[in-house]
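Descriptive structure summary
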Amino acid sequence: MDRVVFLLVCVVAPVARCYSSGQVTASCDDLRPHHPGSSPQTNPAPFTVTADRRIYKNGDEITVRLQTSGSTPFIGFMLQAREVGGSIPLGSFSLTTGGMAQLLTCNQAPNSAVSHTSDSPKTMIQGTWTAAASEDPKPIEFRASFVQNFRTFWVEVRSSPLMYSNESSSTSTPFRTSTSTSSASLTSKTMPLPAQTISSAGCGVRKVCFSQPLKCDPAVSVDCYFMSALMASPSDAGVHFELTGRSQGYISFGFSDDQMMGNDDIYICGLDSSGFIQLQHAFSTGRQTPQTLPLGNVSDVRASVQDGVIRCSFTSMNPISTQRTTGFNKPYHLMFAHGPTNNGKISFHTGTFISNDKVDITEPQLVSRASRPRIIKVHGALMLIGWMTTGTLGMIIARYLKGVARGHGYWGKDVWFLAHVALMSLTVAATIIAFILSFSHVRAWSGGTHPVLGCLVMILSFIQPLVALYRCGPHHQLRYLFNWSHALNAVAIKGLAVAAIFTGLKLIDSTEDKWLMKVMGGFIGWEAVFYILFELHIRWKHTA
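Starting afresh in each chain, residues are numbered from 1 along the sequence in its written order. Only residues with pLDDT of at least 70 get local features here, since the model is predicted, and only at 80 or more are side-chain atom pairs given and counted; chain-wide, interface and lining totals rely on the full set of residues. For the side-chain quantities, the full set of heavy atoms in the structure was used; hydrogens and water were omitted.

**A few points about the state of the cysteines**
Note on disulfides: each one is a pair of cysteine sulfur atoms within 2.5 Å. This model, assessed by the stated rule, comprises four disulfides. Here Cys 28 pairs with Cys 106 through a disulfide, and the sulfurs are 1.9 Å apart. Where Cys 28 bonds to Cys 106 through sulfur, the torsion about that S-S bond is close to -65 degrees, and the disulfide is left-handed. Residue Cys 28 is located in the loop between α1 (2-21) and β1 (47-51), and its partner Cys 106 is located in strand β6 (residues 101-106); the two are separated by 78 residues in the primary sequence. Here's how the labels work: a residue is buried when its accessible area is under 20% of the maximum for its type, exposed when over 50%, partly exposed in between, all with a 1.4 Å probe on protein chains only. Residue class for Cys 28 comes out buried when judged on its relative accessible area of 5%. The disulfide partner of Cys 216 is Cys 224, and the S-S distance across this bridge is 2.0 Å. Residues Cys 216 and Cys 224 are joined through a disulfide that is right-handed, its torsion about the S-S bond being 65 degrees. Using a relative accessible area of 4% as the deciding quantity, one classes Cys 216 as buried. On the basis of relative accessibility, which here comes to 2%, the residue Cys 224 falls in the buried class. Strands here mean DSSP runs of E at least two residues long; helices mean DSSP runs of H or I at least four residues long; both are numbered from the N terminus.

Here's what the structure looks like:
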């Protein structure tokens, strides 16, 4: 037994001392602690890597911080700067943190990495990285590994990418659009924006993020509408904005004193009349085309288009100004809108979402989207009740249940007829009320497929009872014309109503799995089964 203990002390102790001392040059390539029998954690790390800016030039000195995002300390770490997608350490570090960190040589590059000096608990490490001169500078990121204990560690925790720039300012971002799946080629000095550059990394920790669906990552999902705001540095009033989303015309975000459009400070990234993308600063005056403003003190504008997804980023030192509020450190409602363009002019948005509360963009946070107005919820509920409940029952009764309570009636009318009239009257009334509610709230034509379908449903629903009131008698020789037209119009209304409900749900269903659409699809399928069973039953009875 003594020999085993002696061997463990001789073999394991030197290894433990080596790791705790931070001399981990063996991990230069993969940044992975070589702990026997242990694997990196796959859950999000409780630690962050941040830089004090998002733009760099040759020779710039950038402050980099490793810190815990909660109360959990780390005992070991390793930090490098690498090209996005690359594997070779770049630049050099110098230390601003006491004796808790040391410089390492990786890939024969002195001071290209930083690591710990002991296994003492740490909550924050800070260093300064200097960008080396390069003939072909590219976006870079800082990568770090964190060790919580021997068996618990995270590998390659990354900062947000830093873009290279040698331009002091830019006023627009034109670039030629492309129908291919690759990023469009630039036609100005504006730098391209790689698809993976905009991401949710650092949301709520370093930057303000606002997205639909909530907490989506634009680097992972092309169906993520996303904007973020990050103070460029504590010493100036610049804010670095990012926005991305799928659109055939433009994407935009704005700051508002309320949750209604009008008197809003907005930025628009969209196609102009020449088929180029440009960044515009504008002021919204309500439901009219926004008034274009000078772009002002905006720099480092970058943009790209890939598979119909527009991505833009820029740094602005323009003060935010609405009708009642001015300044960066004031709270505003955030608005995001996207839609088509027509000959370079933005059209009414086809999608929008607004923050639930006012937001101070100098305080990192995840911003929640406001729920739909109650009047719109009532509109949707009435349409669902009308065309998925009362309307469906009225049609089933008229088609399949005429034989029920045969010989019984009131006021000279059969029971089935009275039930049919009552249910369809409720359906038409619900449709009219829902139609009035939506238009009284929007007070304009909102564009898209949903309102077109809604108007068709409203018109045909209004015509249906009027034609029924002036129908000919049951034994009239032309009665069959009414029967066929009445039935076909009902089927048309039903189909249009279902399509309107689906397009309406698509507008409000911000969940990643689109469960509202799936539930509605199940509902339609269930109803279709009932119709088929009833039809088979009635045909079987006629045959018998």
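From this point, things continue past the structure.
**A closer look at a nonpolar patch on the surface**
Only residues above 30% relative accessible area that lack a salt bridge enter a patch, with like-charged residues linked at up to 9 Å and the nonpolar side chains Val, Leu, Ile, Met, Phe, Trp and Tyr linked at up to 5 Å. Surface accessibility follows the Shrake-Rupley procedure with a 1.4 Å probe radius. Residue values consider only the protein chains on display as shielding. The term salt bridge refers to a side-chain nitrogen of Lys or Arg lying within 4 Å of a carboxyl oxygen of Asp or Glu. A cluster of nonpolar residues, Leu 478, Tyr 480, Leu 481, Trp 484 and Leu 488, forms a patch on the protein surface that exposes about 560 Å² of accessible area. Along the chain, Leu 478 falls in the loop between α4 (449-469) and α5 (479-508). Classification of Leu 478 as partly exposed rests on a relative accessible area of 39%.

**A few points about the pairing of strand β13 (residues 208-212)**
With respect to burial, β13 is a largely interior element, five of its five residues being buried. Covered by surrounding structure in β13 are Val 208, Phe 210 and Gln 212 together with Cys 209 and Ser 211, the residues of both alternating faces. Pairing between strands requires that DSSP locate at least two bridges from one strand to the other. Of the pairings in the sheet, the one linking β13 to strand β26 (residues 366-367) comprises two bridges and is parallel in character. Bridged to Cys 209 within β26 is Leu 366.

**Digging into the side chain of Glu 535**
Among the secondary structure elements, Glu 535 is positioned in helix α6 (residues 515-543). We call two residues contacting when some pair of their heavy atoms lies within 4.5 Å. Excluding anything up to four places from it in sequence, Glu 535 contacts Arg 399 and Tyr 400.

**Looking at the sheet that holds strand β5 (residues 92-95)**
Spatially, the four strands line up as an open sheet ordered β1-β3-β8-β5, and their pairing is antiparallel. Where the open sheet ends on each side, the last strands, each with one partner, are β1 and β5. For this sheet, the mean inter-axis angle between neighbouring strands, taken without regard to orientation, is 25 degrees. Of the strand pairs in this sheet, β5 and strand β8 (residues 124-130) are connected by four bridges, and their pairing is antiparallel. Residue Phe 93 lies in a different strand from β8, and its bridge partner there is Trp 129. All axes are obtained by fitting lines to C-alpha atoms, using only the stretch in contact for helices, and the reported angles, taken between N-to-C directions, cover 0 to 180 degrees.

**Description of the packing of aromatic side chains**
Aromatic ring pairs are reported here in terms of the distance separating the ring centres and the angle at which the planes meet. When two rings of Phe, Tyr or Trp (its six-membered ring) have centres within 6.5 Å they constitute a pair, described as stacked for plane angles under 30 degrees, edge-to-face for angles over 60, and tilted for the intermediate range. Under the counting rule described, the total for this entry stands at 22 aromatic pairs. In textbook terms, an aromatic cluster arises when at least three aromatic residues are bridged by ring pairs, as seen for Phe 241, Phe 253, Phe 255, Tyr 267, Phe 314 and Tyr 332.

**Observations regarding α4**
Any helix carries an expected span of 1.5 Å times its number of residues minus one. Its 21 residues give α4 an end-to-end C-alpha distance of 31 Å, which sits within 8% of 30 Å, the value for a rise of 1.5 Å per residue. Pro 451, Leu 453, Cys 455, Val 457, Met 458, Ser 461, Gln 464 and Ala 468 are the residues of α4 that are buried.

**A look at the packing of helix α2 (residues 374-400) against α5**
Between α2 and α5, whose axes approach to 10 Å, the crossing angle comes to 155 degrees. Here α2 lies roughly antiparallel to α5, going by the angle between them. Handedness of the crossing formed by α2 with α5: left-handed. Counting all contacts with α2, which are made through Met 383, Leu 384, Trp 387, Met 388, Thr 392 and Met 395, the residues of α5 involved are Ala 490, Val 491, Ile 493, Lys 494, Ala 497, Val 498 and Ile 501. Among the residues forming the contact of α2 with α5, the class breakdown is eleven nonpolar, one polar and one charged. To sort the angles, those under 35 degrees are grouped as roughly parallel, those over 145 as roughly antiparallel, those from 65 to 115 as roughly perpendicular, and the leftovers as oblique. Should the near helix be turned counterclockwise from the far one by less than a right angle, the crossing is left-handed, whereas a clockwise turn marks it as right-handed. Under the scheme applied here, ten amino acids are nonpolar (Ala, Val, Leu, Ile, Met, Phe, Trp, Tyr, Cys and Pro), four are charged (Asp, Glu, Lys and Arg), and all others, including Gly, are polar.

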